[in-house]
Number of protein chains: 4
Amino acid sequence: MQRRLVGIIGAAGYSGIEATRLVAGHRELELAFATSDRWQGEPLGARVGIGGSLRYSPLALSEELAGPCEAVLLATPATVSLSMAPRLRARGIKVIDLSGAFRLERADQYPEHYGFEHTSPQLLGEAVYGLPELGREGLRSASFVANPGCYATAVALPLAPLLRAGLIEPDGIIADAASGVTGAGRKVSEEFLFSEVAEDFKAYRVLRHQHTPEIVQTLAHVGGVTVGLTFTPHLLPIRRGILATIYARLKPGTPPMAAREALANAYAGESFVGVLGRPEEVSLRRVNGTNRCELGMADDGRGQLVITCALDNLLKGAAGQALQNLNLALGLPETTGLENLLGVRA
Amino acid sequence: MQRRLVGIIGAAGYSGIEATRLVAGHRELELAFATSDRWQGEPLGARVGIGGSLRYSPLALSEELAGPCEAVLLATPATVSLSMAPRLRARGIKVIDLSGAFRLERADQYPEHYGFEHTSPQLLGEAVYGLPELGREGLRSASFVANPGCYATAVALPLAPLLRAGLIEPDGIIADAASGVTGAGRKVSEEFLFSEVAEDFKAYRVLRHQHTPEIVQTLAHVGGVTVGLTFTPHLLPIRRGILATIYARLKPGTPPMAAREALANAYAGESFVGVLGRPEEVSLRRVNGTNRCELGMADDGRGQLVITCALDNLLKGAAGQALQNLNLALGLPETTGLENLLGVRA
Amino acid sequence: MQRRLVGIIGAAGYSGIEATRLVAGHRELELAFATSDRWQGEPLGARVGIGGSLRYSPLALSEELAGPCEAVLLATPATVSLSMAPRLRARGIKVIDLSGAFRLERADQYPEHYGFEHTSPQLLGEAVYGLPELGREGLRSASFVANPGCYATAVALPLAPLLRAGLIEPDGIIADAASGVTGAGRKVSEEFLFSEVAEDFKAYRVLRHQHTPEIVQTLAHVGGVTVGLTFTPHLLPIRRGILATIYARLKPGTPPMAAREALANAYAGESFVGVLGRPEEVSLRRVNGTNRCELGMADDGRGQLVITCALDNLLKGAAGQALQNLNLALGLPETTGLENLLGVRA
Amino acid sequence: MQRRLVGIIGAAGYSGIEATRLVAGHRELELAFATSDRWQGEPLGARVGIGGSLRYSPLALSEELAGPCEAVLLATPATVSLSMAPRLRARGIKVIDLSGAFRLERADQYPEHYGFEHTSPQLLGEAVYGLPELGREGLRSASFVANPGCYATAVALPLAPLLRAGLIEPDGIIADAASGVTGAGRKVSEEFLFSEVAEDFKAYRVLRHQHTPEIVQTLAHVGGVTVGLTFTPHLLPIRRGILATIYARLKPGTPPMAAREALANAYAGESFVGVLGRPEEVSLRRVNGTNRCELGMADDGRGQLVITCALDNLLKGAAGQALQNLNLALGLPETTGLENLLGVRA
């Protein structure tokens, strides 16, 4: 059987490492190349323990190396994806972009939220937002997928079914979330030094995180309404995992059981989303190392819901979800190559 | 100068250890005794590096040892405080109780929130709730102080000035908080094993934590209104510190600056509460090891406030605040013996 | 194809969990049962995310459930293995025992090192010590394997080739090692509470750890000499991984390169042992989550060697190595079912 | 009473922060200035919670600001100390240098161990090595003190009394040590990022750490013999603390009790060194946050000693010891200003 050629651009970042392992271990795919200035020249085996004799190539060769590929994963910063994606698309190569460069539909949101003018606004309409559990039709055979943000996945998955069914008030939603440090990538800056992060906990980018408009946009598509969302990320002194604790109000007269059932029904057939019972059952350790997102819900009997949602920011929040999207784009079963990431952890 | 005799009951718990150090190092006090079955017979110096030749006595001797004391700190579980406090009070000894046994005014709340019938309901009216920054008049020369819970302190301090001034809606308040593991005491149970807690993060006691009614009661006294509060505690994989992220809505027409000023004014003269700028400036590492509580606030321009509040759960959230209360009860300056815990950390 | 029936006894311990996942995901094996009083009645899927509809059975049913099995893994405390292994062997079931109950050849060493009289001394001669890289002949088709200790694996693998080749002095060997907390199992005792272990580091069982005689015995078989070994374990404030730093002296006149080559040659064809360059290249993060052991060596030019060795205590130090042994005992290729644990981590 | 003027140069590093707090809180000293480019212009109170209205000044003003001071602490990198110390000494200001720039007596060791040619070799003879417990005579009224390295303190303190008494073999000594990440300072490099350090453990600078010649030099002075020392530092995934595990051999015929007594006698009257019983009793958590060094010893009955030694790398390993030296240099009691750092922690 002929395996399909896929390349990874930006293979040395934390998400790129996971993506490299997943593609190299995928029985239907062949990892054609992996580019990284950081590790150029080194064999992949020495860094990710897989990949045979392949060596990391310099980033500057990415476009050329992508030539024979059917698809490419961009695990690059948004500014790099912004310039790389159009060139790859122009060559007819399918692109799964793990950055935020093509997630927002409106080009005019980029200066505020990403700090740059969008240079390919026409491509924003072409990119399909890749959250399969909220709608995988557009992703099948897709040519260009904007892979969702980690926080955006953790907040949109629990809220979408409730909004779609019109069970909760669209205003006054609070999403209070905490992420492990790999969420910031391998950025070398003082704020991410071990001695600065360890034994600490604090909020960051309060009321101005770039995933807020992404979540609002996703929920608008799903629920047909613009939500009022307050999102606060925090930095956890651990490496991996996101836990979001979400507060929403049931519409008057809505029984809490309806919310519970909406969540259960929405994800009943899903391989990568699990609806548990109470919020306390959800934890990072159960999902870290898997491509799984888990939810739990409680209500106070007076219409207030508290929902927790956990996922591994590098897998379901990045590279694992990218593989779901890649599988869909290539017409493969969505779980292919992710069979070892289905399970919970004890 | 004659130093005043003070004893510690329950001296081997994490709060008891801190309390022991603070009393033993306090220039106006003499640590008369410290009881702990766990460490009985051992010299205090071997455990807390202070205390001269004093040795831990068995818990059963507490009442007798307390005889000559002017005041006693109860760093015991609520059920122990429940039986010990009345006997100490009957002997005319001032009591600062660090447990929750006398914090709630209504005896009928105890079965639900603490799991026991209150056996001294008449004492509930006598106990003064010891949050000095929200009202220290009743604490001066007090005979019996119910020292606040750690979460309750972290949530009440930021909200009280806003409610008192009538600036925020009393309903729909969310307090999402996270605590280090010492908040659970030294309880030997599987859920607090290192290998279960490390690298994890999760919510616990969602919608049923016993500090919720304590906070509601405190805010009712201060603001004259019963708030609608949703409180969610989480367990952080670190030893110390609480960060609360609080969401409240300004009343229509209220400028955010009014909220900022209410906080600044409320705590302008306080030694142990600092009002910083934005919520991101507040962090556990700045307050851990101090008796300081720090606040930061942001608003979204549409009436939504996000306030963070941090403190060390064993100091401002327990033993440090108990020393403030002890000082007040004994007519001493409130910061005596806490001079080394005033500062921030870098 | 008929898959071979294997059972797990003691499936809820940290090693048992890993063993359960490995057997359940192994394409040649069928997990026939898993016993655990702790999780009895719960579906395996809810705990380890794999295992289909199988549920945990009570420990008391282990022997009966084992009846139809070709082999059983004992992931039980040594005292449980001591009574269980003879009964399983009497039924002709192959046993891989992850405890220390049958590792030492001399029954008279058990009282001192394990605190019990050995009740099946005749079985000690039957048990094959399962460190495949130091001799896998006896393990092929073995009926009873004593799976090595985690520290013993980390110390014996680097020393064995050097002793076998007669390159180092057998006396004065120092092994200074540190382990993550899962090495102690899920023992509920105060010393392993998060608030006691976190932010700390200390030695334990100095000069009296039960792996010392195990290492000495292994090296005697390999090198034909009784080594003088000082072994000091330390407790790391992390969950997983062992790093051993080993100090040995080259025999006079022996070039350091000979030692380096002995290590490289000994493990050249091995799937699960990697010989890196300098000791600094070896780290826990590279091996955790894999069944790999990695080594690095330096010398001071005056005959002193410093060797580091790292492995995941739950995989190469326990369940992963047990699967190597199980594969060998069943006549399967040694890496079967471990393909995902071959690689290094970045 | 006139307080004595002291300044801090390099006040924003982790050791500089501790030194700033200690000087500012010292009743006999007045903190005259603190320089730091990083925090210049900011009030000290905002960073270290002490220091009144003083603000950080730029490093370039250090020499000028030092003019009126009696003494200055250099908490600067070795290359900065190298140029700064001679100029301060030329003005007659006492200097306590926390860097390694003047610790080694032989200028020709600097290129190899510190990577620079020493530009003030004549000052090397003038600098007094500041390990008070091994000899404080030269430190009284000293004008220039080279404050010891953190590892050097942790290794020299346990070995010195044994060598001085001729109880152990000077050759074949192993010191295997592990340090928290603040030992590396606040260096912004990838290797010290939280996501690189957390959950890991590894050796570094094996056989080439710059504290090795410092330890050898110290022990030569004390014991009159050049020891053969193998020193291996490791990086612990915590912020603070050093634990050294030291292996030495008793000389033939020497009873272990003699070693124990030598340690006990050497430090019997010391405020900052505690000799405990077994090595397992020594731990980072007992000493972190104090200026205390604790030791424990065991022997194997065949002449092999295992000694553990713990200290807080920023206090007894840096700023706390610097204050001991500053007190001695100024003719003050050695514990002045360190009264709160005497005790152990539980």
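Please refer to the structure higher up on the page.
Let me sum up the structure you'll find in this document. (Residues numbered from 1 in each chain as written. Chains lettered and ligands numbered in written order. Predicted model: local features only at pLDDT ≥ 70, side-chain atom pairs only at ≥ 80, totals over all residues. Heavy atoms only, no water.)

This part covers the packing of helix 1 (residues 14-24) of chain D against helix 12 (residues 315-329) of chain D. Residue and element names in this part refer to chain D. Remark: helix 1 packs on helix 12, axes separated minimally by 9 Å, with the N-to-C direction vectors making an angle of 35°. In terms of crossing hand, the pair formed by helix 1 and helix 12 is right-handed. Judged by residue contacts, Ser-15, Glu-18, Ala-19, Leu-22 and Val-23 of helix 1 engage Leu-315, Ala-318, Ala-319, Gly-320 and Leu-323 from helix 12. A class-by-class count of the residues in the contact of helix 1 with helix 12 yields 7 nonpolar, 2 polar and 1 charged. (Axes fitted to C-alpha atoms, helices over the stretch in contact; angles between N-to-C directions. Helix = DSSP H or I, 4+ residues; strand = E, 2+ residues; numbered from the N terminus. Left-handed = near helix turned anticlockwise from the far one by under 90°. Contact = heavy atoms within 4.5 Å. Nonpolar A, V, L, I, M, F, W, Y, C, P; charged D, E, K, R; others polar.)

A word on the packing of aromatic side chains. Given two aromatic rings, one states the distance between the centres and the angle between the planes to describe the pair. In total, this model carries 28 aromatic pairs over all chains according to the counting rule given. Pairing Tyr110(D) with Phe116(D) gives two aromatic rings, centres 5.6 Å apart and planes at 20°, and the pair type is stacked. We note that Tyr110(D), like Phe116(D), is buried. Here the aromatic residues Tyr110(A), Tyr114(A) and Phe116(A) are joined through ring pairs into a cluster of three or more. Lying across the ring of Tyr14(A), Arg239(A) places its NZ or CZ 5.8 Å from the centre. Against the face of Tyr14(D) rests Arg186(D), its NZ or CZ located 4.7 Å from the ring centre. (Phe/Tyr/Trp six-rings, centres within 6.5 Å; stacked < 30°, edge-to-face > 60°. Buried < 20%, exposed > 50% of the residue type's maximum accessible area, 1.4 Å probe, protein only. Lys NZ or Arg CZ within 6 Å of the ring centre and 35° of its normal.)

Moving on: the relation of the copies chain A and chain B. Its rotation angle being 180°, the transformation that places chain A on chain B also includes 0.0 Å of axial translation and leaves an RMSD of 0.0 Å. These values place the two chain copies in the arrangement generated by a two-fold rotation axis. By residue overlap, the copies meet face to face through one surface: 100% of the interface positions of chain A are interface positions in chain B. (Least-squares fit on C-alpha atoms with pLDDT ≥ 70 in both.)

Here the second copy of the chain follows from the first by a rotation about an axis and a shift along it. With an axial shift of 0.0 Å and an RMSD of 0.0 Å, the rotation relating chain D to chain B amounts to 180°. With an isologous cut-off of 70% or more, the 100% of interface residues of chain D that recur at the interface of chain B puts this contact in the isologous class.

What follows covers the packing of helix 7 (residues 150-164) of chain A against helix 9 (residues 211-223) of chain A. Residues and elements named next belong to chain A. Viewed as axis vectors pointing N to C, helix 7 and helix 9 meet at an angle of 25°, and their least axial separation amounts to 9 Å. Of the possible angle classes, the one that applies to helix 7 and helix 9 is roughly parallel. When you trace helix 7 past helix 9, the crossing you get is right-handed. From helix 7, Cys-150, Tyr-151, Ala-152, Val-155, Ala-156, Leu-159, Ala-160, Leu-163 and Arg-164 reach across to helix 9, where they touch His-211, Glu-214, Ile-215, Thr-218, Leu-219, Val-222 and Gly-223. Looking at the contact of helix 7 with helix 9, its residues break down into 11 nonpolar, 3 polar and 2 charged. (Parallel < 35°, antiparallel > 145°, perpendicular 65-115°, else oblique.)

What follows is about the interface of chain D and chain B. Taken residue by residue, the interface counts 17 residues in chain D and 17 residues in chain B. Surface buried jointly by chain D and chain B totals about 1300 Å² across both partners, of which 43% is contributed by carbon and sulfur atoms. Inspection of the region where chain D meets chain B yields 0 salt bridges. Run the count over chain D and chain B and you get 2 residue pairs in polar contact (both at pLDDT 80 or more). Of all the secondary structure elements, the ones that give two or more residues to the side of chain D that touches chain B are helix 1, helix 2 (44-48) and helix 11 (284-287) of chain D. Examining the composition of the side of chain D that touches chain B, we find that 4 residues originate from one element, helix 2 of chain D, more than from any other. Per-class residue counts for the side of chain D that touches chain B are 6 nonpolar, 4 polar and 7 charged. (Buried area = accessible area lost by both parts, 1.4 Å probe. Salt bridge = Lys/Arg side-chain N within 4 Å of Asp/Glu carboxyl O. Polar contact = N/O pair within 3.5 Å; in protein donor to acceptor, adjacent residues only side chain to side chain.)

The next thing to look at is the pattern of salt bridges. Once the charged atoms of two side chains with opposite charge are near each other, the side chains can pair. Evaluation of the coordinates by the stated rule reveals 96 salt bridges over all chains. A salt bridge links Arg186(B) to Glu196(C); the nearest nitrogen and oxygen atoms lie 3.3 Å apart. Of this pair, Arg186(B) sits in the loop between strand 7 (173-179) and helix 8 (194-197) while Glu196(C) is found in helix 8 (residues 194-197), placing the two residues in two different chains. A salt bridge links Glu18(D) to Arg21(D), with the shortest nitrogen-to-oxygen separation between them at 4.0 Å. Linking Glu18(D) with Arg21(D), this pair stays in helix 1, spanning 3 residues, or about one helical turn. With respect to class, Glu18(D) is no different from Arg21(D); both count as buried. Several salt bridges converge on common partners, so that one network encompasses Glu18(A), Arg21(A), Arg240(A) and Asp312(A).

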